Every structure is written in C-alpha cells, then in structure tokens.
Number of protein chains: 4
Amino acid sequence: MLRFGVLGAGRIGKVHARTIAASGKARVAYIADAMPKAAEELAAEVGAKVAAVDDIIRAGDVEAILIATPTPFHAEQIEAASNAGKAILCEKPVSLSVARIEDCLKTVAKNKSTLMIGFNRRFDPNFASLEKRLRAGAIGNIEMATIISRDPAPPPASYVKSSGGIFRDMMIHDLDLARFLVGEEFVTVQALGAALVDKAIGEEGDCDTAAVQMQTASGKIAVITNSRRASYGYDQRIEVHGSKGMLRAGNIHNTTVEVATAEGFNADPIQHFFTERYGQAYANEVLTFIDAVTNGTPVKPSGHDGLQAQKLADAATESWKTGKPVKVG
Amino acid sequence: MLRFGVLGAGRIGKVHARTIAASGKARVAYIADAMPKAAEELAAEVGAKVAAVDDIIRAGDVEAILIATPTPFHAEQIEAASNAGKAILCEKPVSLSVARIEDCLKTVAKNKSTLMIGFNRRFDPNFASLEKRLRAGAIGNIEMATIISRDPAPPPASYVKSSGGIFRDMMIHDLDLARFLVGEEFVTVQALGAALVDKAIGEEGDCDTAAVQMQTASGKIAVITNSRRASYGYDQRIEVHGSKGMLRAGNIHNTTVEVATAEGFNADPIQHFFTERYGQAYANEVLTFIDAVTNGTPVKPSGHDGLQAQKLADAATESWKTGKPVKVG
Amino acid sequence: MLRFGVLGAGRIGKVHARTIAASGKARVAYIADAMPKAAEELAAEVGAKVAAVDDIIRAGDVEAILIATPTPFHAEQIEAASNAGKAILCEKPVSLSVARIEDCLKTVAKNKSTLMIGFNRRFDPNFASLEKRLRAGAIGNIEMATIISRDPAPPPASYVKSSGGIFRDMMIHDLDLARFLVGEEFVTVQALGAALVDKAIGEEGDCDTAAVQMQTASGKIAVITNSRRASYGYDQRIEVHGSKGMLRAGNIHNTTVEVATAEGFNADPIQHFFTERYGQAYANEVLTFIDAVTNGTPVKPSGHDGLQAQKLADAATESWKTGKPVKVG
Amino acid sequence: MLRFGVLGAGRIGKVHARTIAASGKARVAYIADAMPKAAEELAAEVGAKVAAVDDIIRAGDVEAILIATPTPFHAEQIEAASNAGKAILCEKPVSLSVARIEDCLKTVAKNKSTLMIGFNRRFDPNFASLEKRLRAGAIGNIEMATIISRDPAPPPASYVKSSGGIFRDMMIHDLDLARFLVGEEFVTVQALGAALVDKAIGEEGDCDTAAVQMQTASGKIAVITNSRRASYGYDQRIEVHGSKGMLRAGNIHNTTVEVATAEGFNADPIQHFFTERYGQAYANEVLTFIDAVTNGTPVKPSGHDGLQAQKLADAATESWKTGKPVKVG
C-alpha cells in the first residue's frame, strides 16, 4: 500500500485522490489545501488526514507526493518532496519558466527522485493504444503527425492573463503528444495565431486560434491546431501518417444514437470537456505512477518531458509574436 | 458486336439501351415501344431503327433481345425470342404467375436458350463485392442474412392494385438477394405486414410495411424487412452473419459533407432512389449479359432464379394473408 | 439513506452492491449468499453485515430488498419481501413459469409493494436516450423495431439445459426492449431457430441462432435476431423506423483507433460482453430504483413488464418448436 | 451548341472532350495534338475533325478553346485564343512563372476574354456542397481551414525535376482550395518539407512530404499537409472550423462493404486516384464553363485565381527553401 500525500484538493486533486483511494494498491494518508474546508471534505471522503504542506512532505508515513496545487507552487514543492526522498507525481507544468524547470530538475537529478509529470493525454486509452501500435510498427516509419485540439468554450480573458498564453496553457498538451507520438525532438517551430473567438483575449496579448508546425532533425513533421471554442464539444483528435499507412484516434459522441430524417443523419455532439473525455486518462495516469513507484520502474512522462514541452511552448509563443521560425536546441 | 433488339423504351429500356450503345461491345439495332414517339427518340439517341416487336424478334441481324416491356408481356416475348433462337435478358419478373413462369421456362429449356433475369441488385458493386467475399469464406459458414429495403415514398394505391402486392412487387428483389447471399433454397416462409404508411394501400388488399423470415433445410435464416416509405432516402442494406464474423454493405450519402454544430453532427440523406443507387448495377447487369452471350458462358440470375424468387414471393403473400407459415417445395 | 438487503453476492449482486454503496443515497445493510465467503467478502467491501435471507427480509432496518439469487428463488423471495413490506428490485426473470409469475404478482398487488424487474438494457444510456426521443416524437409514428443481439461466445451446453432455452434466457431482454420501444403489446409471435453454432446445444433441445417477428394489434412490427456467438464482440443494436424517420443506437468499439493500410481501414472489435457494455446500465437501473423508492414514484420495468416478456418468450419457444405462429393474449 | 476546339488529346483532353460530346449543349469541332494518332482517335470518338492548333484557334466555327496541352504551351495558347476572341478553359497552371501569368492576363484583360482555369476540385460535388454551405453561413465566421491531400504513390524523380516542385505541382490545388474555402487572400506563408518517401526526390531538390500554414490579413488560418504517398488510397479531405461549428468532407471507400471479425471491423481502401475521385469534378468543371459561356455569365476560377494560387505556391517554395515565412502581396 503506497501512501500518498496529496497537495491540492481542487478539481484535479479530487479526481486523483479518489483514484488512489479506489486503487486497492495505495491510499491517501494526508491532504493539504489552502482552503481548509476543501481539504477536510476530501479527506473525509477518502479516509485521509488534513495536514500542512510542509508536514506532509516530511511525514514518515508518506512515500509519494501528488502535486495538484496552482502552477506557481509546483517547482518548490517538487524540490521539497525530492529533498525529502519522496516519489513525485506533479500536474503539468513544472513551471511557466524554462529556467525554473531546469533548476528544479537539477534537484530531482541530484536526489535521483522519481518524478512524473501529469500529461494526462498520454494515458487516454485511445491515444495510448495508438502510440503502442506506432511503436509496434503498424504504419512503418512515421512521417507526419496531425493533432487537432479544440476546447468547447473560451476561458474568461482574466484567466488568460496569468495563463502564460494559449501555447503554454492549452497547446502544451499537444506539444507533449507530438513528442510522444513522433518519438523524436522537434528542432524548428513555426506558429500562427489570432484572437478570432474573443477580442478580449487578443487585448490581453494572447490568441485563441492557433496553428503550429514543427520539424525534427530527420525531417518528420507535426502540425497542431487549436481553438478555444467548438460548438459541438471538446474536439480531440490525433492522426499519424507513415510509410505503410495511417493511424488515427477520434472523439466519442455523447451517445451512439443516430436519427435519420429528411434533414439527414444526425449524431450527438461529442463529449463536452476534459472531465468526461479524459476521466479514464487521469485514472490511468495515477495507476501507472503507483505501479512504477511500487515496482521501482522508470516513470514517463518524466521531468525532462515536462521541460521539452515547455521549451516548445516558449518557442511557439515567440514564433507567433515575432512572425519568425524558432529553433529549439 | 452483339446486336440487340430492345423491347420497351420506358425508363428501364432507356437506361439499358444507353448502356448497350456505350459498351463498345454491342449495339442496339432495333427498338420497339407501344408509344411510337418514345421508340423514335430512343432510337435516334442510340443509333437504332424502330420496328414492331414481332419483326425485331424475327430479325436476322439481331442476336439478343432485351425485354423491358410491362410485366404482362414478358412471358410471351421470352417464348417468342427463345423460339427465334435469340439470347434473352428480361427485366424481372417473368410473370406474376408461377405456373406461367414454369410454362415459359419449358420453352426456354427446350430451345436451350440463354435467358437472364434482371435482378439488378446482384450487380450492385457493393453487394456483388460482399457476395464474392462470402463465397471466398470471409466469414466462414453463413448463419443469418438480414436485408433492409425501404423505398423513399409509396406508390399510388392505383399502382398497388395491379402490382401483385408488396411481396411480389418490391420484396421480390430482396427474396432473390437472400437466395443469392445464403446460397441455399429456403423451405419455410413466415410473413407479417400492415398498411401503416397509406391506408389506401390497405384498402387495396396490400400492405406497405412487411417483415419476412425464412429458413433453409440446413437451418440458415434470412430476415427481410420492407417499408414503402423512408424520409431519409432509399434505404438498402444487407448484412450476413457467419461462424467467423459479419459482412455488411450499406447506403451512400448524397455527399460526404458533415456539419457539426451544437445540435450534433449531421450527414446528408442517402441517395434518393433506384436510378441513383442502382445506376451502376443496371449497367453492370447488361455488360455481364453481353460478355456471357459473347463468350458462350452461362448467365446468372437464370430463369430458374426468377422462378424461385416468385415462389418465395407467393409464399410470403400467402403467409401474410393466412397468418400461417408456408412451405416452399 | 435507503437501506438495502442484498440477496446474492455473485457477479450481478456485487455490481449492484457497489453501486448502492457508492450512490450517496443508499447503503447496503445486509448481504446473504449460499456461499458464506462470497457474502463476507462483499459485506466487508461495502460495509454491510452478513445475514440469512429470511432475517434480512424481516429486518427492521431494511427498506429495500435487491434479489440477485439464482432464478428458482426469485418468486418466493419477492413474495416474502412483499409480505414484509419491503420495496423490491429483482433481477430478471421472476420465474421461468408464467403461472408462477402470475401468482407472485398477486401477492405483490395485494400488498401494493414496489417491485422493479432488472431489465438492465432499458437503462443503457444509448437505448434510454433513443427511447426518450421516440416518446418525444422524433420519428413520428412507430412502424417497425429491429433488434440485433449477439453474444460473443456460446455458453456450455450444460448451462443451456437449465436455462429455459435461448428465447427465455437470452432473447427475453430483446423481447422486453421491443415492448419498451414500440410501446404496445405484441399479439402474434413467429419464431425460427437452429443450432448452427454448437451442435451440442441442439442436442439439448435448444437453438443458438434465432429470429422472431412479432406484431401488435395496430400492426406495428418488431424483428429480433439472436446469435450465441459473434467473433467481433458483443453485438447489441436497436433500430426503430417510423413515419418521419429512423432512430438507431449501435455498438461501442474498444478504442476509437483506426488504422488505414493497403488492406483498408480497420477499427477495433466492439466491447466484449455485458459487464463492459452494460456497466453503466446496471448502475443506472439501481440508481433509478433508489430514486423511485425514495420519492415514492412508480417503478419501471414493473412486475407486469416481467410477466409480459416471459409470455413472449414462451410464445417464441412454442412457435419455434411447433413451427406455427403463437397468439399472445 | 457551343463549338469547342480542344488542344491536347492526352488523359485530361480525352476526359474533357467526352464530357463536351455527351453534354447535349456543346460539341467538339476540332482536336489538335502533337501525336496525330491520339488526335485522330479522339476525334473519331467524339465526332470532331483533326486540325493544327493555330487553325483551330482561328477557326470561324469555334467559339471556345479548351487547353489541355503541356504546361509550357498554356500561356501562349491562352493569348492566341484571347486575341482570336474565343472563350478559354485552360487546365492549371497558366504557367510556372508568375511574371508570365501576369503578362498573359494582361492580354486576356485587354480583350475582355472569358478565361476559366481548371482547378477541378472546386467542382467536386462534395467540396462544392461544403463551400456552398460555408457561404450560406452554416458555421458562422470562418476561422480555420484544414486540407489534407495525399497521393497514392510518388511520381518518378524524373517527373519531379520539371514539375516545379511539390508546392507548384501538387499543393497548388490545395492552395486554390484554401482561397476558395476561406474567401480571403493569404498574406503570410510558412512551409516545412522533407523527402521522406523517396530519397531521389530529395536529390532533385524537391520534397515529398510538406506542411504549409497561411494566414489572411484578418487572422484566418489555413493548414495544408501533403504526402506523395498513401498506402490506403488517394486521401483528399477538407475541414473548416468556424464560430458556429465545423464542416468537413471526406473520402469515398471503394465499396460500402465492411467485414467484422476477431481482428476488428475492416472497410475498403479509398478511391485510388484522381480519375476515380474527381471524375465528376472534371465533368462539372466543363459543364459549368459551357453554361457560363452560353449564358454570358462570369467564370470562376478565373485567371486571377490561377495567378494567386501560383503566387502562394511560389511563396511556399521559397519559405521551404529559406526556412523563413514569406509575405504575399
């Protein structure tokens, strides 16, 4: 029974705590949150105690720390947990600053800590199955990956202001997926963007509609498109083309019902947002971490993966702002 | 160049004459029709002469007779053409009377004439491909065939009166398809029907909504459902289940366009009726006949196939009217 | 908090007990099972006590009895629970004997007990959504319902022997669905069947491939086909055709992944069996029961629904054995 | 009856001549080809005379010139036909040189000639239907267009050498489609490319795998990806996302047959190449031209459309070669 300290009892913290409690392989020992009521309610639900962050990180009866606090706390909490000898599962991103991530990863490396970054989409059963088939050679050599990601509705412009922008806040998931699928590092990044959905987002210096194309040293290409709004649901698709064919994974409709009338054949909208679409992915992410820590096997995505995705997000942001391609080292 | 005499310049006669004229392997020498103007226009279009039915059947410069006249003329025209030594392609059915068909086939047998019956759906590229895979063992032993056939709109009740009823007029195509797919004779027929689309059809002693289930001596089952009306187009589907899996062939939408909005994902209605859906089937039917006659190879569907389908249609009609299963000999 | 006594700690008993325990609106107070170990394990998991069936039914701190014991115990346990004033959720069927069901329902009626029968498919989110749209008039007047149900693999012939046969054991779900969808009682039943999957099933006097067509007094038709084996998964489809169009609900593939190669486009098999496909349906069934009992509103499917489905299953069995249509009164 | 002179009796010349001959609204009066035999055979087939290019352009009994000669002849033949007062339908491109196109269009403008450029994909029934719905506002304001175009197999490297490169030879169709769909001019072009399919193509200075993203002055984005090879057929898809939803149009499979086995559900490969996929598009292009010339209405795509597509192709080529975004004026 792996004992967890869960930092953060917000939306994602709750999802993860419940997964741990129901896993049969681990349990939540402690929960911390800046809002005592949130911590208490979740602790009651999963049979844990409420404690302060520092106490949890130092607790002798905790082997693993799950970090689901706001982004600005991630790096320091990783460092503290690493120094305390804990295994760490941290929600993305480690930091909006590449330099800060690099610093943090030095501590992790020095301590040889186990650190997994919560890029949940790698654990979506559909995407994970697709990636497995890619690695097994189902379509031969990979040539191009295409990722479409559209949120159902834009966040308030106030959120956008502190988000780091669409490339760091939203597309970072797709940038990580592109690396996951293609299996090589991208060296060139070109970005386009515009505020077409909400002018207020543009006024905050961000965009809500974006396209990025990237290339690896060997010539492989990834194309990512994002929109902050889609009327028909949370649109999440990947497609990889290779020398022997194509692999793709699509969306899930709310039901399988189809109605045919004189107006045509109508299927339901697709699953509305990430809690529906990636519910299983969040669970699989945590279960994978538990198994890896329990068995002493390596974890993926690693801190390095978190760093690389952030570098690509920075490059995309710069490319969009300057109108020039950006090289990633 | 196989020379055809075409009897009947109506809708199907025109389609077939054009296929012959464009085939590069045959030509239309003569055309007959009770309406001189129809015969003349079609003759002009395909470079043929207008003549009387009897003269065409006897003409020395004609090797094949294509019969697309009204049903009551089919049997006698087959007999005359057979006696004149011509190869014959006759639109279904030979006759609404099984006894009359049997008589007619005796003449054909005596003369060893080539007679093909125009069950066009066997030549639909989708259905033909499915049948080929069935025969190649793609799903192992056949266990059950399911055929759905819905017309876009009901005929006028006046048409129904002289049509022989839904089983002989509409379902006969599906009864032939069931034999074509399953590859065995059906020995038991059970039918249900009702006039749900148009009460006037019921008043003519017919139904517009029907279901038939049939079984072969070895136990294989076919299930056919018909409706005289479907709001979303001409619904034509087949599915065969076997020991190793399932084969199915579906409909074709008017375009591949799909629109996704908050109301869901909408695809176009399916092709409207038989001229769109079975255009290629009609052409392939005639081209297959030309090749068989030219090469002296056997033709399918044969007069026997026409007879068997008619027996099943009679059995279904009787089962519907009596409420009892009917054995087919 | 509605307090449940759960009779039976087998596969379905477990599923239901977990749903109750996680509902937040009810809890499992007691569990009984002929196998003490099974009862104890499940009781430990959901925080219940183990007790004898009779004691549970009489317990003052139990308001609802969930019956998930073997079929032969259902009727007597319903009667006992009814006489003890409990609300009852009983897995289908009440009994394999229509006479026994009728007797049992007299007791239920006399006591005015709440009795819900566990036809889980009505609670499948896809089928439930389809039925709701039917009732809302999405396709106008209902004319024909088509239900396809294929298990992934046949049961052992030994199971078949005491199952009541395919119509009572497997098709009964589809017979209930047909009533649920069409909304009228069927008065005529015609059945065909054969043992094509496993000869040993035929030797037990049962069949493994079956087709039934039924008609209501107003002429509406239902067509049901069953197979005890499908290589590609648990095939569960419904389609309803009406005056304004068609509604259908289909299967769910294991993943959304599709691979395109020179051999074509390949999608995954569909969900393997009922625990995957109807997991949500089982949960929704129990939650619906809890809400109805808590709010004092009527439950569906009722004991009457269980009776009618059994009558149709008997009629189908008789029709198959005699080769004649059977009237249901 | 519009009288055509057809210049070029190669693959496309034949397709167009047959469409004209079968149109009922126009006829082919003369045909020219550098290969006399090709010209004679096609002339015989469609009832035309063979003549020299210059004579055809000057012929008093010709109103329209269809240019299907090799690309290097297009511009001068357009000019000659324009000076002779003929209406012109010219296969794409006018020239591989933007300067040459501009010169040519001056002549056309001076003479007020009717000139249509053969971007056939605009006339594909699926794409045309999608564009019509875009213009009708089906998805509100257009924000992003995505075009995927993959050939089934790469051309020989020898062809590539004189083709102008993938952006001018293959992607030009997609560049035109992007303008057609988005309805605004693109001002920024970013390209990536690599020779991943055939190293020999790379050695000729071209690439076989390419991605382009472009933006209009108002911020709308188009993303185009190309591959010179796809194992599963000729992959031609478009998708447009807007403020109210998404419109997309996909591929057509060889048949509608699907086979389900333990390995999954397999559909056929898609239509193999442009003669299958765009057969109807080629016909509709010519019929649209005939109607426009007959009725004196404007033609689209115009010479200006040809020029703009060529400018985008040049920009994409330059962007790929320099690694820098290119502005289009």
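Under the annotation held in an unreviewed UniProt entry, chain A carries the name Inositol 2-dehydrogenase and is attributed to Aestuariivirga litoralis. Recorded in UniProt for chain A, the comment headed Sequence similarities (unreviewed entry) runs: "Belongs to the Gfo/Idh/MocA family."

Novice: So what exactly am I meant to see when it comes to the relation of the copies chain A and chain B here?
Specialist: Between the two copies of the chain lies a rotation about an axis combined with a shift along it. Aligned on chain B, chain A shows an RMSD of 0.0 Å; the corresponding rotation is 180° and the shift along the axis is 0.0 Å. These values place the two chain copies in the arrangement generated by a two-fold rotation axis. Nearest to the rotation axis, the C-alpha of N266(A) is located 2.2 Å from it, this being the minimum over chain A. Comparing interface residues between copies, 100% of those in chain A also sit at the interface in chain B, which points to an isologous, same-surface contact.

Novice: Teacher, can you tell me more about the nonpolar core here?
Specialist: In summary, soluble globular proteins display a tendency toward joint burial of nonpolar side chains. Formed by 98 residues in total, the largest nonpolar core has its most connected members in F4(B), I31(B), I78(B), L130(B), F167(B) and M214(B). Per element, the largest residue contribution to this core is eight residues, and it comes from helix α9 (residues 171-182) of chain B. Formed jointly, this core draws a minimum of three residues from each of two domains, domain 1 (2-113) and domain 2 (122-281 + 308-327) of chain B. Ignoring anything within four residues of it in the chain, the contact list for L130(B) reads L181(B), I238(B), V240(B), L247(B), R248(B), A249(B) and V257(D).

Novice: Help me understand the relation of the copies chain D and chain A in this model?
Specialist: At an RMSD of 0.0 Å, chain D and chain A line up after a rotation of 180° and a shift of 0.0 Å along the axis. Same-surface contact between copies: 100% of interface residues of chain D are shared with the interface of chain A.

Novice: Help me understand the domain arrangement of chain A, please; the structure alone is not making it clear to me.
Specialist: Interface size is often expressed as the accessible area that is lost when the parts come together. Residue and element names in this part refer to chain A. Looking at the assigned domains, one finds that chain A contains domain 1 (2-113) and domain 2 (122-281 + 308-327). Relative placement of domain 1 and domain 2: their C-alpha centres are 28 Å apart. Listed by partner, the interface residues are nine residues for domain 1 and twelve residues for domain 2. Summed over both partners, the interface of domain 1 with domain 2 buries about 760 Å², with 65% contributed by carbon and sulfur atoms. Considering only the surface of domain 1 that becomes buried against domain 2, K92, L96 and V98 emerge as the three largest contributors, covering 63% of it. At the junction of domain 1 and domain 2, the tally comes to one salt bridge.

Novice: What am I meant to see in the UniProt feature "domain: Gfo/Idh/MocA-like oxidoreductase N-terminal" (unreviewed entry) in chain A here?
Specialist: In the numbering used here, UniProt assigns the feature "domain: Gfo/Idh/MocA-like oxidoreductase N-terminal" (unreviewed entry) to residues 2-119 of chain A. A distance of 21 Å separates the end C-alpha atoms of residues 2-119 of chain A, which is 45% helix and 24% strand.

Novice: Would you explain the pattern of salt bridges in this entry?
Specialist: A side chain of one charge can pair with a side chain of the opposite charge if their charged atoms are brought near each other. In this structure the tally under the stated criterion is 108 salt bridges over all chains. With its nearest N and O atoms 3.2 Å apart, the salt bridge here joins E184(A) to K220(A). Here the residue E184(A) occupies a position in the loop between α9 (171-182) and β8 (186-194), and K220(A) occupies one in the loop between β9 (209-216) and β10 (221-227), the gap between them amounting to 36 residues. Here E184(A) falls in the partly exposed class, since its relative accessible area comes to 26%. With a relative accessible area of 15%, K220(A) lands in the buried category. Of the charged contacts, one joins E239(B) and R150(C) as a salt bridge, the two residues approaching to 3.0 Å between their closest N and O atoms.

Novice: Explanation requested: the environment of T71(B) in the structure shown.
Specialist: Residues and elements named next belong to chain B. For T71, the location among the structural elements is in the loop between β4 (64-67) and α4 (74-83). Taking the C-alpha atoms as reference points, T71 and C90, 19 residues apart in sequence, are found 9.7 Å from one another. Look past the residues within four positions of T71 in its chain and what remains in contact with it is P93, V94, S95 and L96.

Novice: Mind showing me how you'd approach the sheet that holds strand β2 (residues 26-32) of chain B here?
Specialist: Either a parallel or an antiparallel arrangement is found when strands of a sheet pair, and the pairing is made through backbone hydrogen bonds. Residues and elements named next belong to chain B. Taken together, the six strands give an open sheet; going across it, the order is β3-β2-β1-β4-β5-β6, and neighbouring strands pair in parallel fashion. At either end of the open sheet lies a strand with only one pairing partner, and these are β3 (49-50) and β6 (115-118). By the bridge criterion, four bridges tie strand β5 (residues 87-91) to β6 in an arrangement that is parallel. By the bridge assignment, C90 is partnered in β6 with I117. The strands that helix α1 (residues 11-22) touches are β1 (2-7), β2, β4 and β5; relative to β2, the one it contacts most, it runs at about 150°.

Novice: Would you mind going over the sheet that holds strand β4 (residues 64-67) of chain A with me for this structure?
Specialist: Residue and element names in this part refer to chain A. Here we have six strands laid out as an open sheet, ordered β3-β2-β1-β4-β5-β6, and parallel in their pairing. Unpaired on one side and paired on the other, β3 (49-50) and β6 (115-118) mark the two borders of the sheet. Taken together, the six bridges between strand β1 (residues 2-7) and strand β2 (residues 26-32) define a ladder with parallel strand orientation. Following the sheet pairing, R3 is matched in β2 by R27. Against the sheet, helix α1 (residues 11-22) engages β1, β2, β4 and β5 (87-91), with an angle of about 150° to β2.

Novice: Would you explain the interface of chain A and chain B in this entry?
Specialist: Taken together, the 14 residues of chain A in the interface contact 14 residues of chain B. Carbon and sulfur atoms supply 58% of the area that chain A and chain B bury against each other, a total of about 1100 Å² over both sides. For chain A, the biggest contributors to the area lost against chain B are Y232(A), F265(A) and N266(A); these three give 44% of the whole. Taken together, the connections running from chain A to chain B amount to zero salt bridges. Counting the contacts that link chain A with chain B gives four residue pairs in polar contact (both at pLDDT 80 or more). For the side of chain A that touches chain B, the element with the highest residue contribution is strand β14 (residues 264-267) of chain A, accounting for four residues.

Novice: Explain the packing of aromatic side chains to me, please; I cannot follow it from the model alone.
Specialist: Geometry of an aromatic ring pair is reported as the spacing of the ring centres plus the angle between the planes. This model, assessed by the stated rule, comprises 32 aromatic pairs over all chains. Judged by centre distance (4.9 Å) and plane angle (80°), the ring pair of Y234(B) and F273(B) falls under edge-to-face. With a gap of 39 residues between them, Y234(B) in the loop between β10 (221-227) and β11 (235-242) and F273(B) in the loop between β14 (264-267) and α11 (274-277) connect regions that are remote in the sequence. Relative accessible area serves as the criterion here: at 3%, Y234(B) is assigned to the buried category. Owing to a relative accessible area of 24%, F273(B) belongs among the partly exposed residues under this scheme. A connected cluster of aromatic rings, assembled from ring pairs, spans F127(A), Y234(A), F273(A), F274(A), Y278(A) and Y282(A).

How each quantity is defined
Residues numbered from 1 in each chain as written. Chains lettered and ligands numbered in written order. Predicted model: local features only at pLDDT ≥ 70, side-chain atom pairs only at ≥ 80, totals over all residues. Heavy atoms only, no water. UniProt positions renumbered as here; feature names shortened; annotations may be inferred. Least-squares fit on C-alpha atoms with pLDDT ≥ 70 in both. Contact = heavy atoms within 4.5 Å. Core = buried A, V, L, I, M, F, W, Y, C linked by side-chain atoms within 4.5 Å. Buried < 20%, exposed > 50% of the residue type's maximum accessible area, 1.4 Å probe, protein only. Helix = DSSP H or I, 4+ residues; strand = E, 2+ residues; numbered from the N terminus. Domains from an automatic or database assignment. Buried area = accessible area lost by both parts, 1.4 Å probe. Salt bridge = Lys/Arg side-chain N within 4 Å of Asp/Glu carboxyl O. Pairing = 2+ DSSP bridges. Axes fitted to C-alpha atoms, helices over the stretch in contact; angles between N-to-C directions. Polar contact = N/O pair within 3.5 Å; in protein donor to acceptor, adjacent residues only side chain to side chain. Phe/Tyr/Trp six-rings, centres within 6.5 Å; stacked < 30°, edge-to-face > 60°.

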